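# Analysis of the macromolecular model
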Amino acid sequence: MGRIFGNKAQRGDGDKWPAGSARNTVQRGSGITASKRRFAIGKQMTAVIAVACLLIGVGGTAIVLAPHPPKVLADANPNASAAIETQQVNDARSVTINAEEVSMAPVVAPRSGMVTSSNCKPGAELKSGQSLMNIDGRAVMMLATAEPLWRSLKVGDTGSDVESLNNALKSLGVGEVSGNAVTEATIAAFKQASANAGAPLDKNVNVIAVSDAAWLPADGVKVSGCPAPVGQMIGASQPIAQLPDMASSAQAQSLPTGAAAGERVIQAGDATIDIDAQGAVGDLTAFSRSSAFIQSAANQSGVRQVNVQWVLKNPVTVGVVPAAAIGTMGGADVSTGAVQACIVVTNEASEDTGADTTVPVTIVGSMLGRTYVQNAWDGGIPAGFVRLDPRAGDCS
């Protein structure tokens, strides 16, 4: 019999329930849910097993693919050698030039009048013996002299100003003049220079007048400004071209030791300029025009520190050997006083060391594991083959 609890009737397990009753529905629903759960658990277990197998497989693969420990390399051959090559080098070394800066006086008009035409342009190069502009239709010749023309000169006049004038005229190739006295040849040379500049003088002129030339502080200087445009009235001694600062002296702070012997020059940006054995720069005008000088700046003392390359004027031939082939030997380097470098030279690529010779060398330079050498005694080039492990005689 069914039992009644509250408003709900329950039947015993043996009691039959009608089809479609709540009991039947609940049982069917419960059966479906359990089945789904068993299926979900089965999928999870399958995934776990798959991952485990994958890990085991990867581990197995890693074990299979792991590289074997590298074999021990054979010892280097102590008697190995290499051919000595030759190469031309300029033995470039970096040096710093101390350049004392000085302001250049502007080019001034030698006479008054109106500027009727002008060749003045910022950055233009001013050359001695050429015309800068026309004043009242007459060309103004520029003349670079060590001392400005400060007086009119006639035959018989003497002085340092005359000597600098003769030197300037000779450099223009207008006459064989020299000395500190004005001669007929001096007058003739000046007339020729003036005519070449487009400002011919009367044939009867026998005096060199201050108004006939504009003084140029240095030949080849570049214009920094043009204060006298065409159409402007100007007076004598009024600036017609402004000039940049230049070096009054230029001296290397120090010169490198152990350098290859030979005459040297400096590469200052776009300019190549002579420098003497004491480190003094020769052509100060060319140095002042160089991009290296122009791009530098003066310190509070008015000195510019200009970085340049100190190179051989004529490249030299050197022997090229591996860096490992350089050893040292007793005694001092003949050029530097340092421990003497050496190489071991043999006549042929053979392991027989019976013909090996120790050669003291001067190291000229090096690059990318290659060392440039010359014989320390005569500057020659060692010939033959060089031992890669320098252990012969007293070279080690």
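What you are looking at is a predicted structure, and each value in this text was computed from that prediction instead of being measured.

Summed over all chains, the structure comprises one aromatic pair. When the ring centre of Trp310 is taken as reference, the NZ or CZ atom of Arg264 above it lies at 4.0 Å. Above the ring of Phe293, the side-chain terminus of Arg304 is found at 4.2 Å from the ring centroid.

To continue, consider the side chain of Thr186. Tracing the chain through its elements places Thr186 in helix H3 (residues 184–196). Residue classification places Thr186 among the buried residues on the basis of a relative accessible area of 0%. Within the structure, the side chain of Thr186 is placed 2.9 Å from the side chain of Asn166, a separation counted as a polar contact. Setting aside anything within four residues of it in sequence, one finds Thr186 in contact with Leu165, Asn166, Leu169, Val177, Ala181 and Ile208.

Let's shift gears to the sheet that holds strand E13 (residues 233–234). The strand order across the open sheet built from five strands is E12-E9-E8-E7-E13, with neighbouring strands paired in mixed fashion. Since the sheet does not close on itself, it has two edges, and those belong to strand E12 (214–216) and E13, each with one partner. With two bridges joining them, strand E7 (residues 113–118) and E13 adopt antiparallel strand pairing. Note that in E13 the partner of Gly113 across the bridge is Ile234.

Conventions and cut-offs
Residues numbered from 1 in each chain as written. Predicted model: local features only at pLDDT ≥ 70, side-chain atom pairs only at ≥ 80, totals over all residues. Heavy atoms only, no water. Phe/Tyr/Trp six-rings, centres within 6.5 Å; stacked < 30°, edge-to-face > 60°. Lys NZ or Arg CZ within 6 Å of the ring centre and 35° of its normal. Helix = DSSP H or I, 4+ residues; strand = E, 2+ residues; numbered from the N terminus. Buried < 20%, exposed > 50% of the residue type's maximum accessible area, 1.4 Å probe, protein only. Polar contact = N/O pair within 3.5 Å; in protein donor to acceptor, adjacent residues only side chain to side chain. Contact = heavy atoms within 4.5 Å. Pairing = 2+ DSSP bridges.

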